[in-house]
Amino acid sequence: MYRSIKSVIFDVDNTLYDFTYSNGLALNALKEYTNKNFGWTAEEFDEKHAAVQHEIYDQLGYNGSCRDRMLRYQKMLEQSSLPLFPHAVKMYEMYWSTLMDTMRPSKGIPDVIRALKEKGLRLGIGSDMVPYTQMLKLELMKVLQYFDFMVTSEEAGEEKPSPKIFNMCIKKAGCLPSECLFIGDDLKKDYYGALSAGMKALWFNVSNNNAENTAQITSLTQLLELI
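Along each chain, the written sequence defines residue order, and numbers are assigned to residues from 1. In view of the model being predicted, local features appear only for residues whose pLDDT reaches at least 70, and side-chain atom pairs are presented and counted only at 80 or more, with totals across whole chains, interfaces and linings using the full set of residues. Only hydrogens and water are removed before side-chain values are computed, so all heavy atoms of the structure are retained for them.

Explain the environment of lysine 90 to me, using residue names and the numbers behind them.
Residue position: lysine 90 is located in helix α4 (residues 87-101). Partly exposed describes any residue whose relative accessible area lies between the buried limit of under 20% and the exposed limit of over 50%, with all areas from a 1.4 Å probe on protein chains only and scaled to the type maximum. Given the relative accessible area of 43%, lysine 90 is considered partly exposed. In DSSP terms, a helix is any run of H or I states spanning at least four residues, a strand is any run of E spanning at least two, and both are numbered starting from the N terminus.

Please set out the nonpolar core residue by residue, giving values where relevant.
The criterion is simple. A nonpolar core is a set of buried Ala, Val, Leu, Ile, Met, Phe, Trp, Tyr and Cys residues joined through side-chain atoms within 4.5 Å. Judged by nonpolar contacts, the single largest core of 71 residues is most densely connected at Phe10, Leu16, Ile183 and Leu223. In contact with leucine 223, not counting residues within four places along its chain, are Phe10, Val112, Leu116, Leu181, Ile183, Leu202 and Ile217. Here, two residues are considered to be in contact whenever any of their heavy atoms come within 4.5 Å of each other.

Can you explain the packing of aromatic side chains? Please cite residues and give values.
By convention, a stacked pair of Phe, Tyr or Trp rings (six-membered ring in the case of Trp) has centres within 6.5 Å and planes under 30 degrees apart, an edge-to-face pair has planes over 60 apart, and any other such pair is tilted. Under the definition given, this model contains eight aromatic pairs. Relative to phenylalanine 38, the ring of tyrosine 33 lies with its centre 6.3 Å away and its plane at 85°, an arrangement referred to as edge-to-face. We note that tyrosine 33, like phenylalanine 38, is buried. Between tyrosine 95 and tryptophan 96, the aromatic rings sit 4.9 Å apart at their centres with planes inclined by 85°, giving edge-to-face as the arrangement. Judged by its relative accessible area of 9%, tryptophan 96 is buried. An aromatic cluster of three or more residues is present, and its members are Tyr33, Phe38 and Trp40.

Lay out the sheet that holds strand β6 (residues 216-217) with the relevant residues and their values.
Ordered in space as β3-β2-β1-β4-β5-β6, the six strands form an open sheet in which the pairing is parallel. At either margin of the open sheet sits one strand with a lone partner, and together these are β3 (149-152) and β6. By the bridge criterion, two bridges tie strand β5 (residues 200-204) to β6 in an arrangement that is parallel. Paired with tryptophan 203 across the two strands is glutamine 216, which belongs to β6. Those strands touched by helix α6 (residues 131-140) are β2 (122-127) and β3, and its axis lies near 135° from that of β3. Here helix α8 (residues 163-173) sits on the sheet in contact with β1 (7-10), β2, β3 and β4 (180-184), set at roughly 165° to β3. At least two bridges found by DSSP between two strands are what make those strands a pair. Axis lines are fitted to C-alpha atoms, over the contacting stretch for helices. Their N-to-C directions set the angle, which ranges from 0 to 180 degrees.

Quick one: what's the story with the packing of α4 against α6, residue by residue and with numbers?
Interaxial distance between α4 and α6 falls to 10 Å at its minimum, and their mutual angle equals 30°. In this view, α4 runs roughly parallel relative to α6, as classed from their interaxial angle. Classified by chirality, the crossing of α6 by α4 is right-handed. Where α4 abuts α6, its residues Trp96, Leu99 and Met100 lie against Thr133, Leu136, Lys137 and Leu140. Residues were grouped as follows: Ala, Val, Leu, Ile, Met, Phe, Trp, Tyr, Cys and Pro as nonpolar; Asp, Glu, Lys and Arg as charged; and all remaining residues, including Gly, as polar. Here the residues of the contact of α4 with α6 sort into five nonpolar, one polar and one charged. We call two directions roughly parallel when the angle between them is under 35 degrees, roughly antiparallel when it is over 145, roughly perpendicular when it lies between 65 and 115, and oblique otherwise. Handedness of a crossing follows from how the near helix is turned relative to the far one, being left-handed for an anticlockwise turn of less than a right angle and right-handed for a clockwise one.

Just give me the short version of unusual backbone geometry, but keep the residues and values in it.
Here the amide bond leading from phenylalanine 85 into proline 86 is cis, since omega sits at 0°, within 30 degrees of zero. Within the fold, proline 86 resides in the loop between α3 (69-79) and α4. Backbone geometry places serine 81, a non-glycine residue, at a positive phi of 55°. On the secondary structure map, serine 81 appears in the loop between α3 and α4.

Describe helix α5 (residues 111-118), with residues and values.
The set of residues buried in α5 consists of Val112, Ile113, Ala115 and Leu116. Each buried residue of α5 lies within a common arc of 165° when the element is viewed along its axis, so the set occupies one face. One or two positions beyond α5, positive phi appears at glycine 120, with a value near 90°. Taken from the helix axis, the directions to the C-beta atoms give the arc we talk about.

If you had to explain the packing of helix α1 (residues 19-38) against helix α2 (residues 42-60) to someone new, which residues and values would you point to?
Packing of α1 against α2 leaves a shortest axis separation of 9 Å and a crossing angle of 115°. The pairing of α1 with α2 is recorded here as roughly perpendicular in orientation. Relative to α2, the crossing made by α1 is right-handed. Contacts between α1 and α2 involve Leu27, Leu30, Lys31 and Thr34 on the former and, on the latter, Ala42, Phe45, Asp46 and His49. A breakdown of the residues in the contact of α1 with α2 according to their chemical character gives four nonpolar, two polar and two charged.

In short, geometric facts, not functional conclusions.
As structure tokens, this is what we get:
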């Protein structure tokens, strides 16, 4: 089924590494910071953070800009009548440094990526994020040098499962949609989004949930047996 594949395209967060784990630690660091500096409880931080996220989504829609952490912290401070300096920058840097420092790459990274590249495949990224941040993550995981292209929601102006992201991936891959294999953890966004664009798809089922009639893997190392 996958012998004709010429390009493999990966989601990043919760696919190439455990975003849920690192994001949780990064948010905990912010909770400690805001408690120390503003007296916010963890519950107050969660409420303010969630409210700002919804406001940004309503204002900007779902695209790369809506993922901007600086915008989130800026709005949280403004709405609480707190000074932007020095807190906005400190919160932004704290979030990303904590997340980057605690990233846990998925099993087999970078060996799987390197092995796929050695097979002569074009490797790509299709992610709901901004390119700078995703490239930093790939560099820390020591796999950035193996990737040929990247499509982010900032570039596409829309998030998955929008066909725009997948069509841009296909164009950059330089082959037929049926010769592209997309791999990601989100069943709706990654798996069905890719299938709707005519691509092959594998659901990276990290939580071992049940989903009938889906082609899935539970470890990225399984790719080496399939391609």
